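# Chain and residue survey
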Amino acid sequence: MIRLYDLAGADPACRFSPYCWRTRLALAHKGLEHETIPWLFTEKEKIAFAGTKRVPVIIDGDHAVHDSREIALYLEATYPDRPPLFGDAGGIAPTRFLNSWADGVMIGAIARLIVSDLPPRLAEQDRAYFRRSREERYGTTLEALTANREKDVLAFRSVTLLPLRLTLLRQKFLGGEAPTYADYIVLGNFQWPRCISDFPLLEKSDPIWSWRERMLDLFGGLARNTPVAEAA
Ligand SMILES: N[C@@H](CCC(=O)N[C@@H](CS)C(=O)NCC(=O)O)C(=O)O
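The notes below deal with the structure included here.

Conventions and cut-offs
- Residues numbered from 1 in each chain as written.
- Predicted model: local features only at pLDDT ≥ 70, side-chain atom pairs only at ≥ 80, totals over all residues.
- Heavy atoms only, no water.
- Helix = DSSP H or I, 4+ residues; strand = E, 2+ residues; numbered from the N terminus.
- Buried < 20%, exposed > 50% of the residue type's maximum accessible area, 1.4 Å probe, protein only.
- Contact = heavy atoms within 4.5 Å.
- Salt bridge = Lys/Arg side-chain N within 4 Å of Asp/Glu carboxyl O.
- Arc of directions from axis to C-beta.
- 1 Å grid on protein atoms, 1.4 Å probe; cavity = no way out; pocket = protein on both sides within 12 Å on 5 of 7 lines; lining within 4 Å.
- Points joined across faces, edges and corners; volume = space filled by probe spheres on them.
- Nonpolar A, V, L, I, M, F, W, Y, C, P; charged D, E, K, R; others polar.
- Patch = residues over 30% accessible without salt bridge, like charges linked within 9 Å, V, L, I, M, F, W, Y side chains within 5 Å.
- Areas by Shrake-Rupley, 256 points an atom, 1.4 Å probe, with all protein chains shown as cover.
- Near = heavy atom within 4 Å.
- Polar contact = N/O pair within 3.5 Å; in protein donor to acceptor, adjacent residues only side chain to side chain.
- Axes fitted to C-alpha atoms, helices over the stretch in contact; angles between N-to-C directions.
- Parallel < 35°, antiparallel > 145°, perpendicular 65-115°, else oblique.
- Left-handed = near helix turned anticlockwise from the far one by under 90°.

## Quick look at unusual backbone geometry
Backbone torsion omega between Val-55 and Pro-56 reads 10 degrees, so that peptide bond is classified as cis. With respect to the helices and strands, Pro-56 occurs in the loop between strand E2 (34-39) and strand E3 (57-60). Phi angles above zero are rare outside glycine, and Asp-67 is one such case at about 85 degrees. Take Asp-67: it is sitting in the loop between strand E4 (63-66) and helix H2 (68-78). Its identity is not glycine, yet Phe-219 carries a phi of approximately 50 degrees, on the positive side. The residue Phe-219 is located in helix H9 (residues 207-221) in this model.

Below, the structure written as structure tokens:
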């Protein structure tokens with residue numbers, strides 16, 4: 001069975017990493033049995049064997065793979081008889097653009113809305129590390145970063161998410177009629193705030209909300225049935 005190192009919070013059942021969610025959904029799409037191993041930010045030694053300091057890391061037999069995109073490519077190449085993750089042949093290359101947008105634009109915008117809600121959700125031993133490393137990365141305190149979130153969320157909805165909305169107004173999933181890895185990338189990003197913050201990112205009237213509902217229903221409610229902080 002494939003094993004996945006999965007970032008966990010103070011509640012070990014709270015799994016909030018956007019990148020680990022991409023991998024969990026990719027494994028479910030391929031119908032591959034797997035178990036998750038809860039991992040904390042400060043447990044670097046536990047994944048050192050894979051040559052990385054970040055999760056997701058998977059172990060498949062004697063093979064370790066890290067980085068969510070590399071894992072998706074590995075699963076696609078190793079299990080070609082399972083449902084294709086990237087849709088038709090030729091889907092891999094344009095999904096790189098979506099991956100870059102999701103990592104480079106969407107994650108940063110979400111951080112400005114919710115990152116200050118994270119520390120209380122983290123395991124005690126991770127809190128100081130998380131604050132120090134993120135404040136270094138962003139060049140300001142977590143609280144200053146989200147200070148204007150009531151206003152910033154309006155731009156997030158109307159500008160950042162616009163390409164997503166325009167796409168989902170015309171098709172059911174980013175993959176077309178059925179979800180592909182493109183959908184798992186973006187759902188993974190939405191799982192991050194959903195698991196650790198009650199600050200409302202999406203309006204229920206937004207077509208992105210309806211898409212997210214469809215995504216949460218997949219695989220027997222895999223992404224829905226997880227501890228969340230989002231208000232009902
Ligand atoms: N490009 C990597 C990013 C992975 C990543 O940043 N993971 C975070 C958790 S969401 C992590 O492990 N961070 C460790 C740290 O900040 O020390 C991927 O796609 O897998």
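Anyway, onward from the coordinates.
## A few points about the environment of Arg-3
Topologically, Arg-3 is positioned in strand E1 (residues 2-7). Since its relative accessible area comes to 32%, Arg-3 is described here as partly exposed. Setting aside its immediate chain neighbours within four residues, Arg-3 contacts Glu-35, Ile-37, Val-57, Ile-58 and Ile-59.

## A word on the pattern of salt bridges
Inspection of every chain in the model, using the stated rule, returns 15 salt bridges. For Arg-15, the salt bridge identified is with Asp-6, shortest N-O distance 3.1 Å. The burial state of Arg-15 is the same as that of Asp-6; both residues are buried. Members of the salt-bridge network, linked through shared partners, are Asp-6, Arg-15 and Arg-24.

## A word on helix H7 (residues 162-170)
Within the sequence span of H7, burial applies to Leu-164, Arg-165 and Leu-168. Buried residues along H7 cover an arc of 95 degrees about the axis, so they all sit on one side. What points out from H7, more than 90 degrees from its buried face, is the exposed set Leu-169 and Arg-170. Packed against the buried residues of H7 are helix H6 (149-160), helix H8 (181-196) and H9.

## Remarks on the layout of surface pockets
The computed volume of the largest pocket comes to approximately 660 Å³. Along the walls of the largest pocket sit 29 residues, with Tyr-19, Arg-54, Val-55, Arg-134 and Arg-137 positioned nearest its centre. When residues of the lining of the largest pocket are traced back to their parent elements, those giving at least two are helix H1 (18-29), H2, helix H3 (92-114) and helix H4 (124-138). The element that contributes the greatest number of residues to the lining of the largest pocket is H4, accounting for six residues. For the lining of the largest pocket, the class distribution of residues is 15 nonpolar, six polar and eight charged.

## Some thoughts on a nonpolar patch on the surface
Together, Leu-162, Leu-166 and Leu-169 make up an exposed nonpolar region whose accessible area comes to about 260 Å². Looking at where Leu-162 falls in the secondary structure, it is placed in helix H7.

## Some points on the site of the ligand
Close to the ligand lie 15 residues, the nearest being Lys-44, Arg-54, Ser-68, Tyr-129 and Arg-134. Between an oxygen atom of the ligand and a side-chain N or O atom of Arg-54, the distance comes to 2.8 Å. Contacts to the ligand include Arg-134, whose side-chain N or O atom sits 2.8 Å from an oxygen atom. In isolation the ligand exposes 520 Å². Once the protein is present, 87% of that is buried. Those elements that place two or more of their residues in the shell around the ligand are H1 and H4. For the shell around the ligand, the per-class residue count stands at eight nonpolar, two polar and five charged.

## Quick look at the packing of H1 against H8
At a closest axis distance of 7 Å, the pairing of H1 and H8 adopts a crossing angle of 135 degrees. The angle between H1 and H8 places the two elements in the oblique class. For H1 against H8, the interelement crossing comes out right-handed. Of the residues in H8, those in contact with Pro-18, Trp-21, Arg-22, Leu-25, Ala-26 and His-29 of H1 are Tyr-181, Tyr-184, Ile-185, Leu-187, Gly-188, Asn-189, Gln-191, Trp-192 and Cys-195. Counted by class, the contact of H1 with H8 contains 10 nonpolar, four polar and one charged residues.

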